[in-house]
Amino acid sequence: MSTPLRLGTRGSALAMAQSGHVAAVITAATGRAVELVEVVTAGDRSSAPVQRLGVGVFVSALRDALTAGTIDLAVHSYKDLPTAGASGLHVAAVPPRQDPRDALVATGGRTLAELPAGAVVGTGALRRIAQLHALGLHLEVTPIRGNVDSRLARVLGPDADLDAVVVARAGLARLGRTDVITETLDPMLMLPAPAQGALAVECRADDSDLVELLAVLDHAPSRAAVVAERALLATLEAGCSAPVAAYAELAEGDAGDEIYLRGAVISPDGSRDIRLSRTGTPADAAEIGKALAAELLELGADSILGHEGSTGPGTQQFGSTE
């Protein structure tokens, strides 16, 4: 009998749920046993805001373990991956993507429109903060960190100090906590982060047997959407403090499947934003993302991004799914 595959994962409840799901799918599809190996990352050891922690804060330790051979594969929240690839490693599969939209959890079962002026809303992503300000609802938005349970406790717990939080819907779904959602936010109001809701299953590029085995997990529509969104992100060369959003949807067109990609760059205070869209075929996913980014730049996105303070290509970090 083959030895179990060693799947590296962060130790948070969400990361373990994601990795456990992938492990179960691998075993069901291939018969290969999988054991989870917890890897502590720099992001897990710090309570500092994600923007201050540096690039790849939630993935570098997992990638080091892969390279060292102490694990065989790793599962990442795809939006945590820097856009530049890691030498010697390969994203062998993008499983079917969870709903990438953001979710509101508010006291009293309220929606975003029902929150009064001055209501305090917590979230960890500058992209969300910027878009909340852009809505002009006169909310007080405060940055927060922590896992899903600790964020929810700040609204629903006995010591709650917030009126609402905005988190990724995918994280709540994977933890079986969608019952707490008071509103799933329409992308017209809150465009998701590039690759939000998607997972990346990564292994060593030279492990051809494992690359072939993991291919059974790959979901072509999810991969195409993520490729388009991350190509936009990479082309913008956005730094870790730049609120950039992107959302690609696949739909049936007159000549076959089409990708509809929306992208936005928003100033942190919400006073300026540029939003555009572009369509094309799944085969051209990367080019669609690059072209839309070029259009955003032509309209002045670089002045919002403030490239003088960016960290350069391939260094995006938008924070954990949690």
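Please read these numbers as outputs of a predicted model, since none were measured by experiment. (Residues numbered from 1 in each chain as written. Predicted model: local features only at pLDDT ≥ 70, side-chain atom pairs only at ≥ 80, totals over all residues. Heavy atoms only, no water.)

Two faces make up the sheet, and in a regular strand the side chains alternate between them. Most of strand 4 (residues 89-93) is tucked away: four of the five residues are buried. Here strand 4 pairs with strand 10 (residues 199-204) via four bridges, running antiparallel. Within the sheet, the bridge partner assigned to Ala93 lies in strand 10 and is Val201. (Buried < 20%, exposed > 50% of the residue type's maximum accessible area, 1.4 Å probe, protein only. Helix = DSSP H or I, 4+ residues; strand = E, 2+ residues; numbered from the N terminus. Pairing = 2+ DSSP bridges.)

Here Asp102 lies in strand 5 (residues 102-106). Only 2.7 Å separates the side chain of Asp102 from the side chain of Arg128, close enough to count as a polar contact. Among the polar contacts made by the side chain of Asp102, one reaches the side chain of Gln196 at a distance of 2.9 Å. (Polar contact = N/O pair within 3.5 Å; in protein donor to acceptor, adjacent residues only side chain to side chain.)

A word on the nonpolar core. Ranked by internal contacts, the top residues of the largest apolar core, which has 21 residues, are Leu232, Leu236, Val244, Ile259, Leu261, Val265 and Leu296. Of all the secondary-structure elements, those providing two or more residues to this core are helix 9 (220-236), strand 11 (244-253), strand 12 (256-266), helix 10 (285-298) and helix 11 (301-305). The leading source of residues in this core is helix 9, at six residues. Those residues in contact with Leu296 that sit more than four places away from it in its chain are Leu232, Leu236, Gly263, Ala264, Val265, Ile274, Leu276 and Ala301. Counting 17 residues, the second-largest nonpolar core is a separate cluster that includes Ala23, Ala93, Leu210 and Leu217. (Core = buried A, V, L, I, M, F, W, Y, C linked by side-chain atoms within 4.5 Å. Contact = heavy atoms within 4.5 Å.)

With that settled, consider the pattern of salt bridges. Here the structure, examined in full by the defined rule, presents 15 salt bridges. Salt-bridge contacts for Asp218 lead to Arg223; the nearest nitrogen and oxygen are separated by 3.0 Å. Across the pair Lys290 and Glu287 runs a salt bridge, and its minimum N-O distance is 3.5 Å. With Lys290 and Glu287 both in helix 10, this residue pair falls three residues apart, about one helical turn. (Salt bridge = Lys/Arg side-chain N within 4 Å of Asp/Glu carboxyl O.)

Sheet topology places strand 11 next to strand 12; 10 bridges connect them, and they run antiparallel. In the strand pairing of strand 12, Ala251 is matched with Glu258. Hairpin remark: strand 11 followed by strand 12, antiparallel, with two residues in the connecting loop.

At His138, a residue that is not glycine, the phi angle is positive and equals roughly 60°. Along the chain, His138 falls in the loop between helix 5 (126-134) and strand 7 (140-143). One non-glycine residue with positive phi stands out, namely Ala195, at about 75°. Considering the arrangement of structural elements, one finds Ala195 in the loop between strand 9 (183-184) and strand 10. Looking at Ala195, the relative accessible area reads 0%, which means it is buried.

The contact between helix 9 and helix 10 brings their axes to 7 Å, and the two run at 35°. Note that helix 9 runs across helix 10; the crossing there is right-handed. Here Ala224, Val227, Ala228, Ala231, Leu232, Thr235 and Leu236 of helix 9 come into contact with helix 10, specifically with Ala285, Ala286, Gly289, Lys290, Leu292, Ala293, Leu296 and Leu297. In terms of residue class, the contact of helix 9 with helix 10 is built from 12 nonpolar, two polar and one charged. (Axes fitted to C-alpha atoms, helices over the stretch in contact; angles between N-to-C directions. Left-handed = near helix turned anticlockwise from the far one by under 90°. Nonpolar A, V, L, I, M, F, W, Y, C, P; charged D, E, K, R; others polar.)

Another point: the environment of Leu191. Here Leu191 is to be found in the loop between strand 9 and strand 10. You can call Leu191 buried: its relative accessible area is 3%. Along the backbone, Leu191 and Tyr247 are 56 residues apart, and their C-alpha atoms lie at a distance of 6.7 Å. Those residues in contact with Leu191, other than ones at most four positions away along the chain, are Asp102, Arg127, Gln131, Ala245, Ala246, Tyr247, Arg262, Gly263, Ala264 and Arg275.

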